[in-house]
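Structural overview for review
Residues per chain, in single letters:
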Amino acid sequence: MKFDNNVGRLQRLMAASIAGIGRRYAVLDALTLKSGDKIIDVGCGAGQLLGHLAKAVGETGQVLGLDPSADQLAQARAGCSEFTNISFLEKGADDTGLPDDCCDAATSTQALEYILDVDGALSEIQRVLKPGGSLVNISILWDHFRFHGAEEGLNNKIHDAFRAHCSHQMLPMELPGKLGRLGFTHMKDKSLAFVITRRDQNSPALYTENVMANFALTQGVSEEEVADWRSQLATAEKDGRFGFASFPVLTTAYLSS
Ligand SMILES: C[S@@+](CC[C@H](N)C(=O)[O-])C[C@H]1O[C@@H](n2cnc3c(N)ncnc32)[C@H](O)[C@@H]1O
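Here we summarise the structure given alongside this text. (Residues numbered from 1 in each chain as written. Predicted model: local features only at pLDDT ≥ 70, side-chain atom pairs only at ≥ 80, totals over all residues. Heavy atoms only, no water.)

**Observations regarding unusual backbone geometry**
Despite not being glycine, D101 shows a phi value in the positive range, around 50°. Looking at the secondary structure, you find D101 in the loop between β3 (86–89) and β4 (103–109). A positive phi angle, near 50°, is found at H186, a position not held by glycine. Position of H186 among the secondary structure elements: in strand β7 (residues 184–191). A residue is classified by how much of its surface remains accessible, and H186, at 63% relative accessible area, is exposed. (Helix = DSSP H or I, 4+ residues; strand = E, 2+ residues; numbered from the N terminus. Buried < 20%, exposed > 50% of the residue type's maximum accessible area, 1.4 Å probe, protein only.)

**What to know about the sheet that holds strand β8 (residues 194–196)**
Reading across from one edge, β6-β9-β8 is the order of the three strands in this open sheet, with antiparallel pairing throughout. Every other strand in the sheet has two partners, leaving β6 (146–148) and β8 as the edge strands with one partner each. Between one strand axis and the next, the sheet turns by 15° as a mean value, whatever way the strands run. Pairing geometry for β6 and strand β9 (residues 243–246), over three bridges, is antiparallel. When the bridges of β9 are listed, F147 appears paired with F244. Against the sheet, helix α8 (residues 204–218) makes contact with β6, β8 and β9, and its axis sits at roughly 105° relative to β6, the strand it touches most. (Pairing = 2+ DSSP bridges. Axes fitted to C-alpha atoms, helices over the stretch in contact; angles between N-to-C directions. Contact = heavy atoms within 4.5 Å.)

Structure follows, in structure tokens:
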């Protein structure tokens, strides 16, 4: 899925919602950054995490925001204009153009699962990390990501269509093996699962529903069915039986020294 134009706009609204705030807090808590560190945010999107990282590493440190989407990076640049220690790389994760062993830490939030050659991206992260460097990643267990409240057959159809939006549905389950083979140790997983029962403007449910509806149309689901699904979710919310559950996992690992 490309994060340009309307999808990018919805993704940024989602990242600004309560779920995005929670994820940024969890990443900052898991990273042990200090003044002078250099960190890369892989798939930084609109860069909501970058300012926090910039403050953590201070003026002697450096933050790199990498994303292949010019649209996302334009937003990130605008949002980070007050920081002098953030730079941007309009590149894919598998080819950063950075020298070996140059970063103290790497982080990524809901990006690695979109990359077809995720092994290439992880190898590149390993290459640019210094020995002993840390990686903090959040990816979603998409098999456990679900709206509730619409009629089962239609609900399944929309969710089945959405599977094609990302390349690795269950990446957190595969990361320990992949990272272990690249020389990472001390892998730890933490569930950031959440449940939402409302579709208000501070809820990722509203924006995710929009993204899924648009995506379903590109996968051949009819406009009537998509509209019906959305109207069933709205009715379910009114009746107090709407739910949206997501299961992000935060993985921490360290590159062997
Ligand atoms: C769901 S957004 C997450 C953005 C941000 N990390 C956040 O939490 O708000 C996924 C991001 O991954 C980026 N992305 C897609 N393919 C990528 C690749 N090959 N390398 C790096 N980033 C990629 C997209 O452009 C998009 O900005």
